[in-house]
Amino acid sequence: MKPIAVAISGFAFCLATPSFGQNSCRAESGPGTAALVELYTSEGCSSCPPADRELSQLRGKAGRNAVIIPIALHVTYWDRIGWKDGFAQKEFDLRQKLLASHGKSRLVYTPQFFMNGRELRNWRGQFPDAIRKTNQKPAEASVALTWTRAAGDTVQLEAVATGRDPQARQVLYLAVSESRLVSKVLRGENGGATLMHDDTVRAWFPPVRLTRGRAQLHQAMRIPGNWNLQNLQAVAFVQDLDDGIVQQAVSIGQCDPGRS
């Protein structure tokens, strides 16, 4: 089944408490701004494994009350130097350049961290404080995300976004990441190493525009056989088109049928 994305605007949307059904579950953003941490990385880069580990440990380092959504986006421009990264996508190269340009820079490199659309260059030891400050900001948008298990290996994802300013130029993004991935690198700068990856983006869907401050995105997708459904997470976020700031984000994983 090919992915199908549909944008719908002009609907009424009411917030509700998180809910779990037999085949679906729902997550909603809160009043504060979630910290969306994007790591641009590559298996061909010898300085990237420490950053990969940092991303994997962020939830623990940030503390129990932190609202953080980490994602790793593997770039392709290292592929020509000895090792082709199987998780790399050209869309991630383009997004990294776009984020850098919003920050008035043309510099892209690996590993490179962005938090809510802005580069966090001196990231070692800086994350807990940066996450706390981000969470304290009132959100400029709200996002709700529903995960529904359909027949076979098919899942239905639905993201709903509402912006505070109906005149703002905003877009709604949707992605699917996978954790507990293991790669044995045979060549390149990491030749001979076994690398562990968490929150690695596997699917990245075209964004949709918010119209009068509202948007809805529906995505149906079949999970490939080499993906582990239990380790998947869907991520949705709203980003301002003019300054590139990520205004709110939410994530949800595989539903637990035992919850109600």
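Fair warning: this is a prediction, and the values are worked out from it, not measured in the lab.

The rules behind the values
- Residues numbered from 1 in each chain as written.
- Predicted model: local features only at pLDDT ≥ 70, side-chain atom pairs only at ≥ 80, totals over all residues.
- Heavy atoms only, no water.
- Core = buried A, V, L, I, M, F, W, Y, C linked by side-chain atoms within 4.5 Å.
- Buried < 20%, exposed > 50% of the residue type's maximum accessible area, 1.4 Å probe, protein only.
- Helix = DSSP H or I, 4+ residues; strand = E, 2+ residues; numbered from the N terminus.
- Contact = heavy atoms within 4.5 Å.
- Pairing = 2+ DSSP bridges.

Remarks on the nonpolar core
As a rule of thumb, soluble globular proteins bury nonpolar side chains together. Among the nonpolar cores identified, the biggest contains 29 residues, and L145, W147, L172, V176, M221 and A236 are the most heavily contacted of them. Breaking this core down by element, the ones donating at least two residues are β2 (24-28), β7 (141-149), β8 (154-163), β9 (170-178), β12 (200-209), β13 (214-222), β14 (232-240) and β15 (246-253). Leave out the neighbours within four places in its chain, and M221 touches D153, T154, V155, V176, A203, F205 and W227. One finds F92, V201, V246 and A249 within the second-largest nonpolar core, a separate group that totals 22 residues.

So, the pairing of β8
Along a regular strand, successive side chains alternate from one face of the sheet to the other. Of all ten residues in β8, eight are buried; the element is thus mostly enclosed. Where β7 and β8 come together, nine bridges link them in antiparallel fashion. Residue L145 lies in a different strand from β8, and its bridge partner there is A159. Connecting β7 to the next strand, β8, in antiparallel fashion are four residues, including G152 with a positive phi near 65°. Looking at chain direction, β8 and β13 are connected through nine bridges and run antiparallel. Bridge pairing in β13 places E158 opposite H218.

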